[in-house]
Amino acid sequence: MERTFVMIKPDGFRRGLVGEILARFEKKGFRLVGLKLLKISQDLAEKHYAEHRDKPFFPGLVAFITSGPVVAMVLEGPNAIAEVRKMMGATHPKDALPGTIRGDYATTIDENVIHGSATPEDAQREIALFFRPEELL
Ligand code: CMP
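Quantities reported herein were computed from a predicted structural model and do not represent experimental measurements.

Bringing the packing of aromatic side chains into the picture now. Evaluation of the coordinates by the stated rule reveals 2 aromatic pairs. Between F25 and F30, the ring centres sit 6.4 Å apart and the planes meet at 65°, which makes this aromatic pair edge-to-face. Of the residues examined, F25 reaches a relative accessible area of 1% and is grouped as buried. One cation-aromatic arrangement involves K36 over F131; the distance from NZ or CZ to the ring centre is 4.8 Å.

What follows is the structure, given as structure tokens:
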């Protein structure tokens, strides 16, 4: 069993894709361990995306991710990290296959609907940033 952190970004929330995305993960068989709607602070955004701090797109990324509500969740299941990333599709929607979340719903890399942890270390760090232990059921 593995846990991963997933976030529906402000564009996904604004466009009413929350139910559709949650349904895909539930139907696949992942267990929902944590779930919350929140508006990310500047500080949390900078911590969450710390690895991109020196990239040219960092200021735009932080501005976007703090621009409106997001849905944060923790999913549990076999190979959850890799399986969720498969279901999300490639980071750049132009490379994401139809049938994946980004392939079906996103057109630009800046507003690509969803984020999922890339590695077990990222998952652990991101889950701890967004959830207190008692919020994981
Ligand atoms: P995400 O999986 O949330 O991780 C970092 C995000 O930065 C990524 O999805 C993209 O939405 C965003 N981003 C914007 N520009 C780029 C870029 N040139 N390369 C990678 N990620 C980018």
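Having put the structure on the table, let's press on.
Taken from the UniProt record, the annotation "domain: Nucleoside diphosphate kinase-like" (unreviewed entry) applies to residues 1-137. As annotated, residues 1-137 comprises 41% helix and 19% strand, and the C-alpha atoms at either end are separated by 15 Å.

A few words on helix 7 (residues 120-130). Every buried residue belonging to helix 7 is among D122, A123, E126, I127 and F130, and all of these are buried. Viewed along the axis of helix 7, the buried residues span an arc of 125°, placing them on a single side of the element. Exposed side of helix 7, more than 90 degrees from the buried face: E121, Q124 and A128 are the residues found there. Taken together, the buried residues of helix 7 touch strand 1 (2-8), strand 2 (31-38), helix 3 (42-48), strand 3 (70-77), helix 5 (80-88) and strand 4 (114-116).

Rules behind the numbers
Residues numbered from 1 in each chain as written. Predicted model: local features only at pLDDT ≥ 70, side-chain atom pairs only at ≥ 80, totals over all residues. Heavy atoms only, no water. Phe/Tyr/Trp six-rings, centres within 6.5 Å; stacked < 30°, edge-to-face > 60°. Buried < 20%, exposed > 50% of the residue type's maximum accessible area, 1.4 Å probe, protein only. Lys NZ or Arg CZ within 6 Å of the ring centre and 35° of its normal. UniProt positions renumbered as here; feature names shortened; annotations may be inferred. Helix = DSSP H or I, 4+ residues; strand = E, 2+ residues; numbered from the N terminus. Arc of directions from axis to C-beta. Contact = heavy atoms within 4.5 Å.

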